[in-house]
Structure formats: C-alpha cells, structure tokens
Amino acid sequence: MESSIQETDFLVLGSGIAGLYYALHVADHGRVTIITKRDPAESSTRYAQGGIASVLDHERDSFESHVEDTLRVGAGLCKQEIVRLTVEEGPRHIRRLIELGVEFTRQPGDQAALDLGREGGHSHRRVVHATDFTGQEVERALLAAVARHPNCQLLDHHLAVDLLTTAAYGLPNACFGAYVLDARSGGVMTLLSRVVFLATGGAGKVYLYTSNPDVATGDGIAMAYRAGAAVANMEFYQFHPTLLYHPHAKSFLISEALRGEGGILRLPDGTDFMKGVHELGSLAPRDVVARTIDAELKRTGADCVYLDMTALPKELAPRRFPNIHEKCLALGIDMREQPIPVVPGAHYCCGGVVVDAQGRTTLRNLSAAGEVSCTGLHGACRLASNSLLEALVFAARAAAADLAAEPVRPATVRPWSSGNAVNSDEAVVVSQNWDEVRRAMWNYVGIVRSEKRLDRARRRIELIREEIREYYWNFLITSDLCELRNIALVAHLIIDSARRRKESR
Ligand code: SIN
C-alpha cells in the first residue's frame, strides 16, 4: 500500500497545552496541522488537577522564592538560567490564557483576585487553578481558540509513526515532516512540513501503575531518538505519591493540593509517618513522599497508606476539590469523614528530548515543548505545577524561533510504502509484550532501583524489542503496534540512563 503525500507549514504533534498554545502562536503565519491520537481533548493536560505555578502575589511571594523552590526540588540538576526565565515569563502567559477564555478560580468574595493554591515543595501559595479541573478547563479554552482560527486543522485519531529526516537521503540531518497513520482507516500519509513541533507529552504507560492517560506512550521521545535528536535525563521518572487505591479507580490522581490545604498522610494505624522525615511533613516534595510511602509499604506489608482530610472544614472538599470529592464519593469514600486510600504511581517524565532556551532540539527544524522535552527546568525532580508553566513558556518561545526556520527537503520524497507487509492475526503478541514491558519496569526500574534489578530489566526489554522489530517489519502497522514500539524504546532509554547514573538523586 502506497501513501499520499500532503503538505503543511507547521506540523504539531499532540493536542495538549503545549501543542495548542504553539499552534495559536504560529497560526497567523501559515497553515497549521495538529495531529492527535484519540479525541482532541484526550491528553495529559486534561488530567492535570493541581494547576499552574506562577508568582502573581508580589506582596507575599517573589520570583526569587519560586526559583529557589524549583532549584531545591531539582536536586542540583536544574539549569539556573532556564529556571529563571521560566519563572519570570510565567505571569504573562497566565494573563494570555485568561484572554483566551480560561476561567481560573477566583478568591471567595473577590472576583478580581485569582485564588492561589499551595502544593508540595512550594514555600508560598502560587498555584493558579480552576478548582481541581485545571487541565480540563485550559484544554477546553485552547481547543475552542484553535477551532476559531481558519489556518488550524486538527486531525484526530491520527498518530505520527516516524519523523521524516534528510539524513535518510544522505543529506545533513534536518526534519521535514512525518509519516502519519490514520488509526481508523489504517492508511499512512507522508506529511511534509517546514518545521515539526513535538508536543506529545510523557510516557507514564511505560509503568504498570501511573496517573497518566492511555495516550502517554512516549511517542515523541521515541521518534525524536530514532531520528537522531538528543534525549537526556530519562532516568528521572517522577512518581506521584498519591494515586487513589481502589480496584475501579484506574489512574485516578489525588492532587497534591489536598496536602497543600492540610491533608495528612497516615499509616493504616493512624501514624503521621511523614513527621520527622521532612520539615514540611506531608507537604514535602513528592519524591521524598513517594520514597517514604514505598519504604513504609514494604516495611509494613500494607497495600496502601491514607490521606486524611477529616480534620479540615467540611465545606472544603465540595468547594475546592469537586472533581476528586465526586470521584471518591462514587466509590464509597467520603473524604470529609474517612481517610482516602492512596499509593504512589509513575507521574511525570523529567527527562526527554533535549531543547535549548528557544525550544529547538538538536535536530534542525524539530522543536519541542511540554513533557516530551527536557529544557533543564526540572532537574532530577519536578516541582509541582511547574509543568504546565514550562509548556506555555517554551511553546511560545519555540513558536517565535520556528517562524524564522529555513525549511530543508530532499529533491524527491519517498512516500511511505508497506512493502509485502500483511495484516497480523496475532494481536495477542502486542498485548502480551505491552504487559511485560510495564510489569518489568514497575518491578525492576521503579521508585527504588538497584544495579541487579536494572540488569534484569534490561535483558527482558531487549528481548521484547527484538520481537517487536520483527513484528514491525512483517505486518501492517496499527496504532497499538506503534505505541508498543515506542514504549519499549522509552523503557530501554530509562534503563540505559539509570545504569549510567551511579549516584542517587
Ligand atoms: C497534582 O495535582 O498533584 C499534580 C500536580 C503536578 O503534577 O504538577
């Protein structure tokens, strides 16, 4: 089967906050095609509960304090200049979101003032939010703005398979588009573009337990790596301490903002186990909390720990956390009366495709922002609610840089060809390998790692990758197969980076 060749000016992969914000910045300058794997709103952004960290209360807070908090949590591996520019440019982008129609929560009794929340590792209240539906609200407003722009076209249920690179034609390497699979028809389009912007989000599905939605399969990281772009810090996978522990609560996050309002973590016997571990107690940075919970679960043999909100005013849950409160109630847990059972899970990829201060990767005409990228803001561990902030700042910067990009393309482009590949009648191979990757990563490359476990994981993942390679070349591709190929490569990169870094951060 041969594919059609089509053309656009700006190809955006991903429809979360970074992709949509970038699209709005370049849309006045050319045709923008946004590719997204499922429904347009289905992205990690949509599930962000906490909010966006930014210094808006200059009387009580300061840029200096936000910079210091970010550097401290990043454990010495943040790039100072990137932290500073991100923090200082933040307020401007919050104002822009408001202009675009995002409705952030205001202070009770003062509609002019934004309500600022607090989360782990922050010294001040500085998290702008829309109750606990922040990501959903941002996504709604940005999608509406993109839909209004005549130059933006959004292709849902489409997935980029691989980037088009000039190196494949024996030329100095540059990106000039992507092969794009229509998940519904199975057809693959060869989509040429002046520049490609990666906004594909993270890779939480590489672990068995994660707060991430099903779309988080590390596609952008895997594609960029295959295309020759530099990838860094992949060993720093951040685990969120509090995912709801319930058989019917797949991936549901219990926001750190609950601890910001005074929630206390307890063992099943009621002990406040974070007291004495860190000066901030239950509000310690999330890596400290996740590691302590992991150690307590192993020590006590308990299935979960508990987040206790029962001492707080009863009106707080429905007013400040309507989403989490409703979800818990539906599962028979009334957080006003009983503690919430929680466990840690994979949450955020602190590493990714290396970009400079303009969001440019090391591959010419490929830029990136958001969780797929590694800007140097997060270091070894990300400060809560710094991620949406980073996505805004770097999407805008990448857009400005990409307007000046010089397109490069070979004289003749080879369209996608399926060769002799046939339909596979063995979908079980994909689901089996999918499960094996995620289980091996959880058991051997989880919160606490050892060299022996990393070696075990490496051997298993390499075997699986061998099998996937064979499968990929012999059968017609599907989105499941592409995602499996990507997640197995991301697993390889995490293990490889973890084996290289000997010290623990
Ligand atoms: C949360 O609401 O706990 C998540 C916030 C974040 O990951 O930044």
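Predicted model, so just to flag it, every value in this text is computed and none were measured. (Residues numbered from 1 in each chain as written. Predicted model: local features only at pLDDT ≥ 70, side-chain atom pairs only at ≥ 80, totals over all residues. Heavy atoms only, no water.)

Another aspect to go through is a positive patch on the surface. Residues Lys452, Arg456, Arg458, Arg459 and Arg460 make up a contiguous surface patch of positive charge. You can see Lys452 is positioned in helix 12 (residues 451-474). Classification of Lys452 by relative accessible area gives exposed; the value is 59%. (Patch = residues over 30% accessible without salt bridge, like charges linked within 9 Å, V, L, I, M, F, W, Y side chains within 5 Å. Areas by Shrake-Rupley, 256 points an atom, 1.4 Å probe, with all protein chains shown as cover. Salt bridge = Lys/Arg side-chain N within 4 Å of Asp/Glu carboxyl O. Lys, Arg positive; Asp, Glu negative; His and termini not counted. Charge placed at Lys NZ, Arg CZ, Asp CG, Glu CD. Helix = DSSP H or I, 4+ residues; strand = E, 2+ residues; numbered from the N terminus. Buried < 20%, exposed > 50% of the residue type's maximum accessible area, 1.4 Å probe, protein only.)

One ladder, built from eight bridges, connects strand 1 (residues 5-13) with strand 11 (residues 188-198); its direction is parallel. In the strand pairing of strand 11, Val12 is matched with Phe197. As paired elements, strand 1 and strand 2 (residues 32-35) share four bridges and run parallel to each other. When the sheet's bridge partners are listed, Leu13 is paired in strand 2 with Ile35. (Pairing = 2+ DSSP bridges.)

Around the ligand, the surrounding shell consists of Gly50, Glu119, His240, Leu253, Ser255, Glu256, Arg286, His347, Arg382, Ala384 and Ser385. At 3.1 Å from an oxygen atom of the ligand is found a main-chain nitrogen or oxygen belonging to Gly50. Measuring from an oxygen atom of the ligand, one finds a side-chain N or O atom of His240 at 2.7 Å. Out of a free accessible area of 260 Å², the ligand has 94% covered by protein chains. (Near = heavy atom within 4 Å. Polar contact = N/O pair within 3.5 Å; in protein donor to acceptor, adjacent residues only side chain to side chain.)

Applying the stated criterion to the full structure yields two cavities of 30 Å³ or more. In this model, the second largest cavity occupies a volume close to 50 Å³. Forming the walls of the second largest cavity are Met309, Leu312, Pro313, Lys314, Leu316, Ala317, Met335 and Arg336. Split by residue class, the lining of the second largest cavity holds six nonpolar, no polar and two charged. (1 Å grid on protein atoms, 1.4 Å probe; cavity = no way out; pocket = protein on both sides within 12 Å on 5 of 7 lines; lining within 4 Å. Points joined across faces, edges and corners; volume = space filled by probe spheres on them. Nonpolar A, V, L, I, M, F, W, Y, C, P; charged D, E, K, R; others polar.)

Glancing now at the sheet that holds strand 19 (residues 373-374). An order of 12-17-19 is seen for the three strands of this open sheet, with the pairing classed as mixed. For this open sheet the edge positions go to strand 12 (231-232) and strand 19, each flanked by a neighbour on one side alone. Judged from the two bridges that link them, strand 12 and strand 17 (residues 352-354) form a sheet pairing that is antiparallel. Residue pairing in the sheet places Ala232 in a bridge with Gly352 of strand 17.

Further remarks concern the confidence of the model for the protein chain. On average, residues of the protein chain carry a pLDDT of 95, and 99% of them reach 70 or more. Per-element mean pLDDT across the protein chain ranges from 93 in helix 11 (residues 427-444) up to 99 in strand 18 (residues 366-368). (pLDDT = per-residue confidence, 0-100.)

Moving on, we get to the packing of aromatic side chains. A full pass over the atoms with the stated rule returns 10 aromatic pairs. With 5.5 Å between their ring centres and 70° between their planes, Tyr207 and Tyr237 make a pair best called edge-to-face. On the criterion of sequence distance, the pair formed by Tyr207 in the loop between strand 11 and helix 5 (219-227) and Tyr237 in strand 13 (residues 237-244) is long-range, its members being 30 residues apart. Just as Tyr207 is buried, Tyr237 falls in that class too. Geometry around Tyr348 places Arg382 over its ring, the cationic atom sitting 4.0 Å from the centre. A cation sits over an aromatic face here: Arg485 above Tyr472, 3.9 Å from the ring centre. (Phe/Tyr/Trp six-rings, centres within 6.5 Å; stacked < 30°, edge-to-face > 60°. Lys NZ or Arg CZ within 6 Å of the ring centre and 35° of its normal.)

Strand order across the open sheet formed by four strands is 13-16-15-14, with antiparallel pairing between neighbours. Across the chains shown, the open sheet's two edge strands, defined by having one partner strand only, are strand 13 and strand 14 (264-266). Averaged over all neighbouring strand pairs, the angle between strand axes comes to 45°, with direction disregarded. Pairing analysis gives three bridges linking strand 14 to strand 15 (residues 305-308), with the strands arranged antiparallel. When the sheet's bridge partners are listed, Ile264 is paired in strand 15 with Asp308. (Axes fitted to C-alpha atoms, helices over the stretch in contact; angles between N-to-C directions.)

Moving on, we come to the environment of Val430. Here Val430 shows up in helix 11. Val430 has contacts with Tyr471, Asp480, Leu481 and Leu484, leaving out every residue within four places of it along the chain. (Contact = heavy atoms within 4.5 Å.)

With that settled, consider the pattern of salt bridges. Taken as a whole, this structure holds 38 salt bridges when the rule is applied. We note a salt bridge from Asp287 to Arg291, for which the minimum N-O separation is 3.9 Å. Separated by four residues within a single helix, Asp287 and Arg291 lie in helix 7 (residues 286-300), roughly one turn from each other. Assessed through its relative accessible area of 19%, Asp287 is described here as buried. By relative accessible area, which is 37% here, Arg291 ends up partly exposed. Between Glu296 and Arg299 there is a salt bridge, with the nearest N and O atoms lying 2.7 Å from each other. With Glu296 and Arg299 both in helix 7 and three residues apart, the pair spans about one turn of that helix. The class for Glu296 is buried, based on a relative accessible area of 14%. Shared partners join several salt bridges into a network, and the residues in it are Lys37, Arg38, Asp219 and Glu483.

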